[in-house]
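# Descriptive analysis of the structure
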Amino acid sequence: MISLAQLDLNQKRVLIRVDLNVPLQNGKITNDARLKAIIPTLKFALNVHACVILMSHLGRPEEGVYTEALSLKPIAERLSILMNQPVRFVKDWLEGVEVKPGEIVLCENVRFNIGEKANDLSLSKKMAALCDIFVMDAFATAHRAEASTVGIAQYAPVAAAGLLLSAELTALEKALRDPKHPVVAVVGGAKVSDKCLLLGSLLDKVDTLIVGGGLANTFIAAQGYSVGGSLLEPTFIAEAIALLARAKNKGVQLIVPIDAVVAKTISETAETRISDLTDIATDEKILDVGPKTSQLIDAIIQRAGTIVWNGPLGVFELSSFENGTKRVVDAIANVSAFSLAGGGETLAAIEKYGVSEKISYISTGGGAFLEYLEGKTLPAVTMLEARSTLKAD
Ligand code: AMP
């Protein structure tokens, strides 16, 4: 890929696709991590007198329909505070954007345009015509082939990777291509059906794979235990058996919880108890890993050279079931191993326990992070690679 750092951006119209898809509640931004993550790219471009145009999506509007609740306007305001300079918001931009060197313009939600999701050719060409240089910095949207991520990169005069995109890929490569061993992956979360591909792909890359959370129940059942009323996907038991067998054949340690915190209902006031796997009643649910499991995980993390983490180990949103997740977060935060975390609820857990400074790299990507770990190629990255050698069509 061409990096924006290799290019002469002076006075050029530099259109940067960023991911400003931040969580909003009643029009207020509840987490601005994705805004902070693009600041290095913006400062780099502004310092060399680029004319900066930003594009992003927000939520999932119906194409062709303007929805005020999904306007990027409040995001322009927050970004301007973070950048300490005005961020001019433009609602209608497809026919052309006026922008001066050193200025930042933010275009309204790209997903209001018909053809964005389908990576429509004429929309892509129109977007590409807005710039001299296209910079892809939306790692979190790099797994989607849309007009503003892939089509534009195909038709822009020059297409390059931004600093955030490069940093994300470097962190993923550090963890997976040439990592310090032992490599330990911790995968939690709700459903095994969502993460089967991920688990299978990680088995080829790690020395130890630890499963926790709701998805571990299917592995517990695969070992012949009854999981009572726990979240279970019976149709995936065969898959779990196959993964356990594959791990054994490959000499990969696959760690399944050995005890659990159980309760009859998922509520803060539910009576809880710690249970061995042989002892779970039919009306009980596994809602967290137990203390013996946490101790085992702690010991593995202490010895790790590299740690990849996705997904909570229990229903961490409720204090009765947060211990397993809290302990794994603390363990990861307090070792010197290179640690990489990402994906949805993982970031919420890191934030809850206030350890973000102690994780080596926290990905801004949810789906993109997981798809990369699953071994899939990210279409926007593939296009940037293609554009490193090809001229625009
Ligand atoms: P995911 O988006 O797949 O990472 O799943 C995250 C969700 O899994 C969190 O909201 C947790 O509350 C939930 N979760 C974790 N462990 C369990 C469990 N044992 N039973 C039910 N849900 C769980």
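Position numbers for residues count from 1 along each chain, tracking the sequence in the order it is written. Reporting in this predicted model follows two pLDDT cut-offs: at least 70 for local features of residues, and 80 or more for side-chain atom pairs to be given and counted; totals over whole chains, interfaces and linings ignore these cut-offs and use all residues. No hydrogens and no water enter the side-chain calculation; it runs on all heavy atoms of the structure.

### Structural notes on the overall build of the protein chain
Helix and strand counts for the protein chain come out as 14 helices and 17 strands. Both definitions apply: the radius of gyration is a C-alpha atom measure, and the globule rule equals 2.2 Å times residues to the power 0.38. Scaling as 2.2 N^0.38, a compact globule of 393 residues should have a C-alpha radius of gyration of about 21 Å, and the protein chain matches this with 23 Å. Over its C-alpha atoms, taken along the principal directions, the protein chain stretches across nearly 70 × 45 × 35 Å. Throughout this description, buried means an accessible area under 20% of the type-specific maximum (1.4 Å probe, protein chains only), exposed means over 50%, and partly exposed covers the range between. Buried residues in the protein chain amount to 54% of all 393 residues. Of the contacts made within the protein chain by residues no fewer than 6 positions apart, 73% connect residues no fewer than 24 positions apart. Taken as a whole, the protein chain presents about 16,800 Å² of accessible surface, with 51% of it coming from carbon and sulfur. Seen as two clouds, the 39 positive and the 44 negative side-chain charges of the protein chain have centres 3 Å apart. Secondary structure elements are defined from DSSP: runs of H or I of at least 4 residues count as helices, runs of E of at least 2 residues count as strands, and each element is numbered from the N terminus. The contact definition used throughout considers only heavy atoms, calling two residues in contact when any of these lie within 4.5 Å. Each accessible area is a Shrake-Rupley result for a 1.4 Å probe, and residues are judged covered by the shown protein chains and nothing else. Within this scheme the basic residues Lys and Arg register as positive and the acidic residues Asp and Glu register as negative, but His and the chain ends are omitted. One atom stands in for each charge, and that atom is NZ of Lys, CZ of Arg, CG of Asp or CD of Glu.

### Quick look at unusual backbone geometry
Looking along the chain, the bond that leaves H181 and enters P182 is cis, with omega of -5 degrees. Topologically, P182 is positioned in the loop between α6 (163-176) and β9 (183-187). The backbone of H49 sits at a positive phi, close to 65 degrees, despite the residue not being glycine. Residue placement: H49 occurs in the loop between α2 (39-47) and β4 (51-55). In this structure, N84 takes a positive phi of about 60 degrees despite not being glycine. Tracing the sequence through the fold places N84 in the loop between α3 (73-83) and β5 (87-90).

### A word on α6
Given 3.6 residues to a turn, an α-helix orients residues that are three or four positions apart in the same direction. Take the number of residues in a helix, subtract one, and multiply by 1.5 Å to get its expected span. Here α6 is 14 residues long and its end C-alpha atoms lie 20 Å apart, about the 20 Å a rise of 1.5 Å per residue gives. Those residues of α6 that sit buried are L164, L165, E168, L169, A171, L172, A175 and L176. Relative to the axis of α6, the buried residues are bounded by an arc of 155 degrees and lie together on one face. In this context, the arc is that of the directions from the helix axis out to the C-beta atoms.

### Quick word on the sheet that holds strand β1 (residues 13-17)
Here, strands pair whenever DSSP counts at least two bridges between them. Read from one edge of the open sheet, six strands run β5-β6-β4-β1-β7-β8, paired in parallel fashion. Strands with a single pairing partner mark the edges of an open sheet, and in this sheet they are β5 and β8 (159-161). When the angles between neighbouring strand axes are averaged without regard to direction, this sheet yields 25 degrees. Where β4 and strand β6 (residues 104-107) come together, three bridges link them in parallel fashion. Following the sheet pairing, L54 is matched in β6 by L106. Whenever a helix is involved, its axis is fitted only over the stretch in contact; in every case the axis is a line through C-alpha atoms, and angles between N-to-C directions fall within 0 to 180 degrees.

### Points about the nonpolar core
Membership of the largest hydrophobic core comes to 110 residues, with the highest contact counts inside it found for W93 and F219. Looking at which element gives the most residues to this core, the answer is α6, with seven residues. Discounting chain neighbours no more than four positions away, the residues touching F219 are V192, L199, V211, A240, L243, L244, L254 and V256. We define the nonpolar core as a collection of buried residues of types Ala, Val, Leu, Ile, Met, Phe, Trp, Tyr and Cys that are connected through side-chain atoms lying within 4.5 Å of one another. In this structure, V329, A333, I350 and Y353 belong to the second largest nonpolar core, which totals 26 residues.

### Topic: the site of the ligand
Not every one of the 13 residues close to the ligand is listed here, only the nearest: A190, K195, I286, G314 and E317. Between the ligand and G214, the relevant distance is 3.1 Å, taken from a nitrogen atom to a main-chain nitrogen or oxygen of the residue. We define proximity as follows: a residue is near a molecule or strand when any one of its heavy atoms falls within 4 Å of that partner. Throughout this description, a polar contact denotes any pair of N or O atoms lying within 3.5 Å of each other; where both atoms belong to protein, one of them has to be capable of donating a hydrogen while the other can accept it, and for residues adjacent in sequence the pair is counted only when both atoms sit in side chains.

### Some remarks on the side chain of D259
If you trace the backbone, D259 turns up in strand β12 (residues 259-263). A distance of 2.9 Å separates the side chain of D259 from the backbone nitrogen of K292, its partner in a polar contact. Here D259 is in contact with I274, S275, D276, L277, V289, G290, P291, K292 and T293, once residues within four sequence places are set aside.

### So, the sheet that holds strand β17 (residues 361-362)
The strand order across the open sheet formed by six strands is β11-β10-β9-β15-β16-β17, and the pairing between neighbours is parallel. Of all the strands in the sheet, the pair left with one neighbour each is β11 (253-255) and β17. Sheet topology places β9 next to strand β15 (residues 306-310); five bridges connect them, and they run parallel. Paired with A185 across the strands is V308, a residue of β15.

### Topic: the packing of helix α10 (residues 291-303) against helix α11 (residues 323-333)
If you want to describe how two helices pack, look at the angle between their axes and the distance between the axes. Two elements in contact, α10 and α11, have axes separated by 10 Å at closest approach and are oriented at 15 degrees. In terms of orientation, α10 lies roughly parallel with respect to α11. Our pair here, α10 against α11, has a crossing hand that is right-handed. Within the contact between the two elements, α10 uses P291, S294, Q295, I297, D298 and I301 and α11 uses G324, R327, V328, A331 and I332. Each residue gets one label: Ala, Val, Leu, Ile, Met, Phe, Trp, Tyr, Cys and Pro are nonpolar, Asp, Glu, Lys and Arg are charged, and the others, such as Gly, are polar. Grouping the constituent residues of the contact of α10 with α11 by class yields six nonpolar, three polar and two charged. Any angle from 65 to 115 degrees is called roughly perpendicular, while one under 35 is roughly parallel, one over 145 is roughly antiparallel, and all others are oblique. Should the near helix be turned anticlockwise from the far one by less than a right angle, the crossing is left-handed, and should it be turned clockwise, the crossing is right-handed.

### Remarks on helix α4 (residues 121-128)
Of all the residues in α4, the buried ones are L123, S124, M127 and A128. One face of α4 carries all of its buried residues, which in axial projection span an arc of 135 degrees. The elements touched by buried residues of α4 are β1, β4 and α5 (147-155).

### Some remarks on the state of the cysteines
A pair of sulfur atoms, both from cysteines and within 2.5 Å, is called a disulfide here. Evaluation of the coordinates by the stated rule reveals zero disulfides. The thiol sulfur of C51 is not disulfide-bonded, and the nearest other cysteine sulfur, from C131, lies at 11 Å. In this model C107 remains outside any disulfide bridge; the closest cysteine sulfur is found in C131, 11 Å from its own.

### Some remarks on the side chain of E374
Positionally, E374 belongs in the loop between α13 (367-373) and α14 (379-386). Residue E374 is classed as buried on the basis of its relative accessible area, which comes to 16%. Residues in contact with E374, not counting those within four places in the same chain, are D194, L197, L198 and S201.

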